[in-house]
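# Notes for the structure review
Each chain, letter by letter, is given below.
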Amino acid sequence: MLVPALFGNLYWSHTFHLVNLYVAVAVLQNMLLADAGQVSFGQGAVFGAAGYTVGIAATLLGTSLPLAFLLGLAAALALGCLFALPALRVQGYYLGFVTLSVAMVFPELLVAFSDYTNGVNGIKLQLPALHRPLFAGVTPLSLLVILLACGALAGHGYLRETRLGRRMRVAAASPEAALSLGFSPGGARSAAFFIAALGTGLAGLLYVPVVGFLSPSAFHVELSIFFFFSVIVGGNGRLLGPILGVWILYLVPNVLMVDLVNYRLIGYGLVALGIMLAFPDGLVGTVENALRRRTLKPGDAEVGLQSVMGAAGAADKAPPSAGAAIVEVRAARKRYGQVVALDGVSLTVGRGTVHGLVGPNGSGKTTLLNVLSGFARLDAGAVSIKGVGIARMRPDRIARLGVGRTFQTPRVFDELTIAENVQIGADVAGTRVDDVDPKWRTQRPDQLPHAQRRLLEVLRVIRTGSDVLLLDEPAAGLSAEERREFARLLRHLRDALGKTIVLVEHDLDLVWRVADRITVLDTGTTIAEGAPAEIVGDARVRALFTGKLDA
Amino acid sequence: MDELIIILVRGIGLGAVYALVAISFNVVHNSSGILNFAQGNMLVLGGLFGFFTLTQEPGVASWLVLLPAAALLYAAVLAGQGWITLLPLRSSVEQHSWLITTLAVSVIIGAVILIAQGPFALNVKSPFPSFALLGTRTPAPYAGAVLLALAWCAALHWFHTRTTTGLAMSAIAQDLEAARAVGIRVRRLQIYAFGISGAIVGSAGFVAAPVMSISADSGIIYVVNGFIAAVIGGLGSNAGALVGGALVGVASMWAAFEFGGQFQNAVSLAILIGVLMLRPQGLFGRTAARRV
């Protein structure tokens, strides 16, 4: 990348500058798509908005250059906000269309406001100072563009190690998991658009000295599509993918078919289509996967109960006195269409106790868990945790009260390493996951058997430091031996760490062994409530679970 | 007053074209969750079909023969595109490959039109004379588009409630896994859905050709406005698409009269952002039940 600049050949140094700017934009596009899961077909407009604003401010408005550059960056950020705003509410292809229409409208507006933009005649603005060589043919501009491209790459790599970076990936993979970990997935998406706009805007600023001329046709929707496709060609989510993608999509047609400008678009389309059909992981991604398969011994890492016990940590303070009600549900009613999921259920869970919720399928157990964590809203009744009414509270706010939950289908993320899957829980408590199997740092959970994925999610929710844990069938798939171990883990959490646990579980032996109190639900009503020994003889409970209780 | 009538009448006509794109979106989206970005350029291809087949003085009889021909031709083209789009979804974990494959197809069509026809918009003659409506002369294709949109809406309603294939398609829309479990051949039906969407945009492009912009870069305008119409109506609802299309069409005509043609798409964009911020499920859409 660096070499051509030294040649001093004008065409090559121009291409070199431009390719570096495009790499920077593509890197941010990659971050947006792969980490935040957001489709943007409008990064070309953000890029153009920065450049054009500099041009307008410096020439037609006559501001000083530094101010013009500041205004340019502000314009890019403003456009980023325009993308980020709908991202708070919706995601995926909706934003694809929003950004696509921005990319479409942007050059139209440049023409429409020709009084301010010079319309199709464009704006000429050259900054010769940046082209003056410092040493050996290296100009300040070439340093700046390299710095930007490398900075974008390094920044993307760094972002992945931060809490925000992890949260973006969680929000992209599962908005519910994001909410259950106490943050708004929309916020993470918006942050991604904002960061992308910042970097893309900086590239747009440098476009002005690189090209020296701004015209609406340079910022047509094709530019945005070019950025998007270069990420796909290189490999969605691979750090180095955008570099290869930009090289292939920009350099190859430019060098080989300089005269056939019209054919370039067909080239973009065919290459992107071909890559998607032949190498869905992109070029870099395909090579990386092949390497990974060769070096990886599958089934290496394990998430066993021992490690969960170890990582759960010892008591750092005496658990608060048990007993006082921490979760209270009063006459809860919830219906889905014609189905009454909860029909006047009440529930009191004492602090530092394990409360079992059992009942046949469709009895309302998971609905009740969803009510407690804010994923379902009651039609009538009251629900409070730690004395705070949560009936109208958003799930992320409830999570921040210190309520953690697991899901029936575990929300375990194959895009993250096993250690990172735990770290996103520890992020809530602001702690670091240091004390884990080193294999967890390199391996992803995609090879883990289902039961271990559940345990991984349990471990994560423990590490959030929440004092109320809502566990949805955490022991499903564990062997008899593991279930006994798991019961020990739950007691440890209660006795040593003072956690309050609401346990939805089909394994009645396990529930009867660990729970302090049990609520038996059937078709949305409570049919029995009490200590295990009290309700084991209840005729209605026995009728419900005939043959299953051997206590 | 005259201006207002023109805006309303032509806006509803233009809106019917958007509604047709929106309805074609719905058909594919309901059966597969895919939104075909190429739908706008396919509409333009429908217009191109009109450009090549309708002579200087087109006759009503040949027009009546060509209309189903356009529908069939693009049904086949879209079925082919659907097959390609669905290919990577068979095995891959990357379930969003359609965003890329459909956009790539759209870009390729646009580029081919550019190379073959140049950057200028093409004109197509209508065999039907313009007529007077509320005191303004209205080109017949506007009325044609409205009739066609209503006809497709009715036909789809009949198809989805009265035929086995249509019912099976509705079943996919309701619950893909359950549909698969009872032995519905999901992949084949999804390709049919692509075919039907092709018949819709093919016929729409042909009917509206005289009042459409047929050029390399107008596909994107139709796809975006069609999407906006679909979102306003609530993605998946065809009746909603009719209303959404009319709203977008009238707003877009109004913007053209009030501020100039360059602002049409800016106004559509503002509507899109507004709807997504205030009511993302659309006017007639229901919020899908959250599954945890």
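That block above? That's the structure.
Notes on the structure follow. (Residues numbered from 1 in each chain as written. Chains lettered and ligands numbered in written order. Predicted model: local features only at pLDDT ≥ 70, side-chain atom pairs only at ≥ 80, totals over all residues.)

Scanning chain A from terminus to terminus reveals 24 helices and 12 strands. Within chain A, buried positions represent 52% of all 551 residues. (Helix = DSSP H or I, 4+ residues; strand = E, 2+ residues; numbered from the N terminus. Buried ≥ 20, exposed ≤ 12 C-beta atoms within 10 Å, placed from the backbone.)

The secondary structure content of chain B amounts to 11 helices and two strands. Moving toward the C terminus, one meets the helices and strands of chain B in the order α-α-α-α-β-β-α-α-α-α-α-α-α. The C-alpha atoms of chain B give 19 Å as radius of gyration, which agrees with the globular expectation for 292 residues (19 Å, within 12%). For chain B, the proportion of contacts with a sequence separation of at least 24, taken over those separated by at least 6, is 80%. (Rg over C-alpha atoms; globule rule 2.2 N^0.38 Å. Contact = placed C-beta atoms within 7 Å.)

Time to look at the interface of chain A and chain B. Counting residues at the interface gives 38 residues for chain A, matched by 38 residues for chain B. Within the residue set of the side of chain A that touches chain B, elements represented by two or more residues are α4 (65–89), α5 (93–112), α11 (221–234) and α13 (261–278) of chain A. In terms of residue count, the dominant contributor to the side of chain A that touches chain B is α5(A) (14 residues). When grouped by side-chain class, the residues that make up the side of chain A that touches chain B number 30 nonpolar, five polar and three charged. (Nonpolar A, V, L, I, M, F, W, Y, C, P; charged D, E, K, R; others polar.)

Attention now moves to the environment of Val145(A). Residue and element names in this part refer to chain A. Mapped onto the elements, valine 145 comes out in helix α7 (residues 140–160). The buried category is assigned to valine 145, around which 27 C-beta atoms lie within 10 Å. Apart from residues lying up to four places away in sequence, valine 145 is in contact with His17, Asn20, Leu21 and Leu206.

This paragraph deals with the sheet that holds strand β7 (residues 388–389) of chain A. Residues and elements named next belong to chain A. Strand order in the open sheet formed by four strands is β4-β3-β6-β7, and the pairing between neighbours is antiparallel. The open sheet has two edge strands, β4 (339–350) and β7, and neither has a second partner. Here nine bridges tie strand β3 (residues 325–336) to β4, and the two strands are oriented antiparallel to one another. Paired with valine 327 across the strands is valine 349, a residue of β4. (Pairing = 2+ DSSP bridges.)

Once that is clear, we can look at unusual backbone geometry. All names here are of chain A. In this structure, glutamate 473 takes a positive phi of about 50° despite not being glycine. Turning to its location among the elements, glutamate 473 is positioned in the loop between β9 (468–472) and α21 (480–495). Positive phi outside glycine occurs at threonine 523, with the angle close to 40°. Structurally, the position occupied by threonine 523 is in the loop between β11 (517–522) and β12 (525–530).

What follows covers the pairing of strand β10 (residues 500–504) of chain A. Residue and element names in this part refer to chain A. Of all five residues in β10, five are buried, a share of seventy percent or more. Burial of the side chains of β10 extends over both faces: Thr500, Val502 and Val504 are buried on one face and Ile501 and Leu503 on the other. Alignment of strand β5 (residues 354–358) against β10, held across four bridges, turns out to be parallel. In the strand pairing of β10, glycine 356 is matched with leucine 503. Here β9 runs beside β10; their pairing, made up of five bridges, is parallel. By the bridge assignment, leucine 470 is partnered in β10 with valine 502. Between the parallel pair β9 and β10, the chain is carried across by α21, and the sense of this crossover is right-handed. (Right-handed = clockwise from strand over helix to strand, strands pointing away.)

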